[in-house]
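Below are the chains, spelled out letter by letter.
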Amino acid sequence: MASLTFLGAAGTVTGSKHLFEVNGARVLVDCGLFQGLKELRERNRQPLPVEPASIGAVVLTHAHLDHCGYLPRLVSEGFKGRIFCTSATADLCRIVLPDAAKLQEEDAENANRGKYTRHAPALPLFTMEDAARALSLLQPVGYDRRVPVAPGVDVEFVNAGHLLGSAYASIRTNGSHVLFGGDLGRYSRPVLPDPKAVEEADVLLVESTYGNRRHPSDDNGEALAEIVRSTAERRGKIIVPSFAIGRVEEVLYWIKRLEDEGRIPVIPVWVDSPMASQALVQYGRRLEELDPEMAPEQPVPRHNREVAAFATDRLQIVASPQQSRDLVRSRGPAVVISSSGMATGGRVLHHLAAALPRPENTVMFVGFQAAGTRGRQLIQGAKTVRIHGVDVAVNARVAHLDSMSAHADADEILRWLRGFKRAPADTYIVHGEPDAAAALQRRIAGELGWQAHVAGHMQTVDLRI
């Protein structure tokens, strides 16, 4: 008998955790943080319904925080098994998890110093030591290679095209096949390869982040070009809140391409995120895992590979906190790419506080904005946003380019599903807000005739395998 419990990413897009139980073994597929609304973030401190020490292994689909960020907490609560993932995911986790732990410790310290905590003392969700212990449990595995993760349970990672190292987790047990889709990438996009086709599964989990939406049709970068041209003409800055892992690379790709084609003026482009800077290096070192067009035309020395792949004419990497502060105060045309992608924290908040009141500036979002985040408030037309305890007027232009999202839209999800040669017995829809998940369920049932179910938070289902 096998069962599946949706511990996260059910009814929301964050907190991915799926507990798979079979033959007495427990495997947790993804181990992410909840983000966005306070009621969701509070789930991060609620105990899991099973003892972490009873979980035999964790399988990670990729290195975004909503899929891997709970790992240090799981370890601090007693998990001691191995964490299986692709090699690139392991490398990115070594960037992401220490950074998240540092922010947790700093937030707790600031809360205690400022005495704005309901708890005495405020404690971080996890520590740098917890992150280090989690990293020590990583077990990198190559793509398309079947390996045992628990008694009678094998996993194979299949390239999902969503992020460097991203994968579907293809689990085989009892002669059956359960496919955990993770986050699904897009077709015919730069930087990353297309999501790989899958022909069959007995049970399927599929994301629904954009399950009720279509991305704008490809405009060959013209929307971005217009934003850069018009903002430069106003002598303003373009502030790009960006996910440090994944989005920065595509933004740089497009700016570099538009510069090379003479469609935008050449202005300074700053990357103000230590984590994004480290991730750029990882992308540059793994060009063979990216879209074939990312390969350099001429051989490039290894230490310059990331520069050749993503460097705009005037690219500059912020090297210190003081340089970041100087950049916040600066004026004149420039692109500033900084994290976090939903404007929930990090250095980008300082850039937003300085840029939002000034009408010559543009704030450009390039990915999904979850409910309860500043990013969602801004794209919905907020006239003020609260940053560091201060209400900041919004006079700058706010733009949202969904075309740069790394998540498949509804049509792309259906395109991927049509690649199956036989229907799964059951398809569970996860990783989406309720309206998006329900819309995708209707399309899957109506267009494909499959048994499709919207997963519920903490719901346990018995699997017919």
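Residues numbered from 1 in each chain as written. Predicted model: local features only at pLDDT ≥ 70, side-chain atom pairs only at ≥ 80, totals over all residues. Heavy atoms only, no water.

Novice: Tell me about the overall build of the protein, and name the residues and values.
Specialist: The helix and strand inventory of the protein stands at 14 helices and 22 strands. For 465 residues, the compact-globule estimate of 2.2 N^0.38 gives 23 Å, and the C-alpha radius of gyration of the protein, at 22 Å, lies within 12% of that figure. Dimensions of the protein, computed from the C-alpha atoms along their principal axes, are close to 65 × 55 × 45 Å. Among the 465 residues that make up the protein, the fraction classed as buried is 58%. Of all intrachain contacts in the protein linking residues separated by at least 6 positions in sequence, the fraction that spans at least 24 positions is 74%. Accessible surface computed for the protein: about 18,600 Å², of which carbon and sulfur atoms make up 49%. For the protein, the distance from the average position of its 53 positive side-chain charges to the average position of its 54 negative side-chain charges is 4 Å. (Helix = DSSP H or I, 4+ residues; strand = E, 2+ residues; numbered from the N terminus. Rg over C-alpha atoms; globule rule 2.2 N^0.38 Å. Buried < 20%, exposed > 50% of the residue type's maximum accessible area, 1.4 Å probe, protein only. Contact = heavy atoms within 4.5 Å. Areas by Shrake-Rupley, 256 points an atom, 1.4 Å probe, with all protein chains shown as cover. Lys, Arg positive; Asp, Glu negative; His and termini not counted. Charge placed at Lys NZ, Arg CZ, Asp CG, Glu CD.)

Novice: Just give me the short version of the pairing of strand β5 (residues 82-86), but keep the residues and values in it.
Specialist: For β5, the tally of buried residues reaches four of five residues, placing the bulk of the element in the interior. Strand direction decides the pairing type here: strand β4 (residues 57-59) and β5, joined by three bridges, are parallel. The residue of β5 that forms the bridge with V59 is F84. Here four bridges tie β5 to strand β6 (residues 138-141), and the two strands are oriented parallel to one another. (Pairing = 2+ DSSP bridges.)

Novice: Report on the sheet that holds β4, specifying residues and quantitative values.
Specialist: On the basis of which strands lie adjacent, the open sheet formed by seven strands has the order β6-β5-β4-β3-β2-β1-β22 and mixed pairing. Lying at the two open borders of the sheet, with one neighbouring strand each, are β6 and β22 (460-463). For this sheet the average axis-to-axis angle between neighbouring strands, irrespective of direction, equals 25 degrees. The pairing of strand β3 (residues 25-29) with β4 spans three bridges and is parallel. From the neighbouring strand, V27 faces β4, where its bridge partner is A57. Helix α4 (residues 87-114) rests against β5 and β6 of the sheet, and its axis sits at about 115 degrees to β5. (Axes fitted to C-alpha atoms, helices over the stretch in contact; angles between N-to-C directions.)

Novice: An account of the packing of aromatic side chains is needed here, citing residue identities and associated values.
Specialist: When we look at a pair of aromatic rings, we describe it by the centre distance and by the angle of the planes. Under the counting rule described, the total for this entry stands at eight aromatic pairs. Taken together, the ring pairs connect Y168, W416, F420 and W450 into an aromatic cluster. Across the ring face of F34, the terminal group of R43 is positioned such that the distance to the ring centre comes to 5.2 Å. Geometry around Y187 places R415 over its ring, the cationic atom sitting 3.7 Å from the centre. (Phe/Tyr/Trp six-rings, centres within 6.5 Å; stacked < 30°, edge-to-face > 60°. Lys NZ or Arg CZ within 6 Å of the ring centre and 35° of its normal.)

Novice: Describe the pattern of salt bridges, naming the residues involved and giving the relevant values.
Specialist: In the structure shown here, the tally under the stated rule is 31 salt bridges. Two residues, R73 and E77, come together in a salt bridge whose shortest N-O distance is 3.6 Å. Ionic pairing is found between D130 and R133, a salt bridge with its closest N-O pair at 3.6 Å. Pair noted here: D130 and R133 are both in helix α5 (residues 128-135), with a separation of three residues, about one helical turn. (Salt bridge = Lys/Arg side-chain N within 4 Å of Asp/Glu carboxyl O.)

Novice: An account of the confidence of the model for the protein is needed here, citing residue identities and associated values.
Specialist: With 96% of its residues at a pLDDT of at least 70, the protein reaches an overall mean of 93. Predicted confidence for residues 300-304 stays below pLDDT 50, and this span has three contacts to residues more than four positions away or in other chains. (pLDDT = per-residue confidence, 0-100.)

Novice: Outline helix α6 (residues 222-233), listing residues and values.
Specialist: A rise of 1.5 Å per residue sets the reference length of α6, with its twelve residues, at 16 Å; its end C-alpha atoms lie 16 Å apart and thus fit the reference within 8%. Looking only at α6, the buried set comprises L224, A225, I227, V228, S230, T231 and A232. The secondary structure elements touched by the buried residues of α6 are β12 (237-241), α7 (247-260), β16 (362-365) and β19 (397-400). Of the residues trailing α6, R235 is marked for its positive phi of about 65 degrees. (Expected span 1.5 Å × (residues − 1).)

Novice: Just give me the short version of the nonpolar core, but keep the residues and values in it.
Specialist: The biggest cluster of nonpolar side chains holds 75 residues, and the ones touching the most others in it are V58, L71, L74, L224, F310 and M364. The leading source of residues in this core is α4, at nine residues. For L74, the residues in contact, after removing those within four places along its chain, are L28, C31, L48, P52, I55, V58 and F79. In terms of nonpolar packing, the next biggest core, distinct from the first, is built from 31 residues, F20, V22, V59 and A169 among them. (Core = buried A, V, L, I, M, F, W, Y, C linked by side-chain atoms within 4.5 Å.)

Novice: For the environment of L48, give the residues involved together with the corresponding values.
Specialist: Assignment of secondary structure puts L48 in the loop between α1 (38-41) and β4. Under the relative-accessibility criterion, L48 is labelled buried at 17%. Separated by 397 residues in the primary sequence, L48 and A445 place their C-alpha atoms 32 Å from one another. The residues touching L48, leaving out its near neighbours within four places in the chain, are L7, K17, Y70 and L74.

Novice: Could you give an account of the sheet that holds strand β15 (residues 334-338), naming the residues involved and the relevant values?
Specialist: The strand order β14-β13-β15-β12-β16-β19 describes an open sheet built from six strands, whose pairing is parallel. Of all the strands in the sheet, the pair left with one neighbour each is β14 (315-317) and β19. The sheet shows a mean angle of 20 degrees between the axes of neighbouring strands, direction not considered. Inspection of the sheet shows β12 paired to β15 by five bridges, in the parallel sense. The residue of β15 that forms the bridge with K237 is A334.

Novice: Mind laying out the side chain of S324, listing which residues take part and the relevant values?
Specialist: Relative to the helices and strands, S324 is located in helix α10 (residues 321-329). At 2.6 Å, the side chain of S324 forms a polar contact with the side chain of D272. The residues contacting S324, other than those within four sequence positions of it, are D272, V318, R347 and H351. (Polar contact = N/O pair within 3.5 Å; in protein donor to acceptor, adjacent residues only side chain to side chain.)

Novice: Can you tell me about helix α11 (residues 348-355), naming the residues and giving the values?
Specialist: Because an α-helix packs 3.6 residues into every turn, residues spaced three or four apart end up facing the same way. Taken together, the buried positions of α11 are occupied by V348, L349, H351, L352 and A355. The buried residues of α11 occupy an angular sector of 160 degrees when projected down its axis, which confines them to one face. (Arc of directions from axis to C-beta.)

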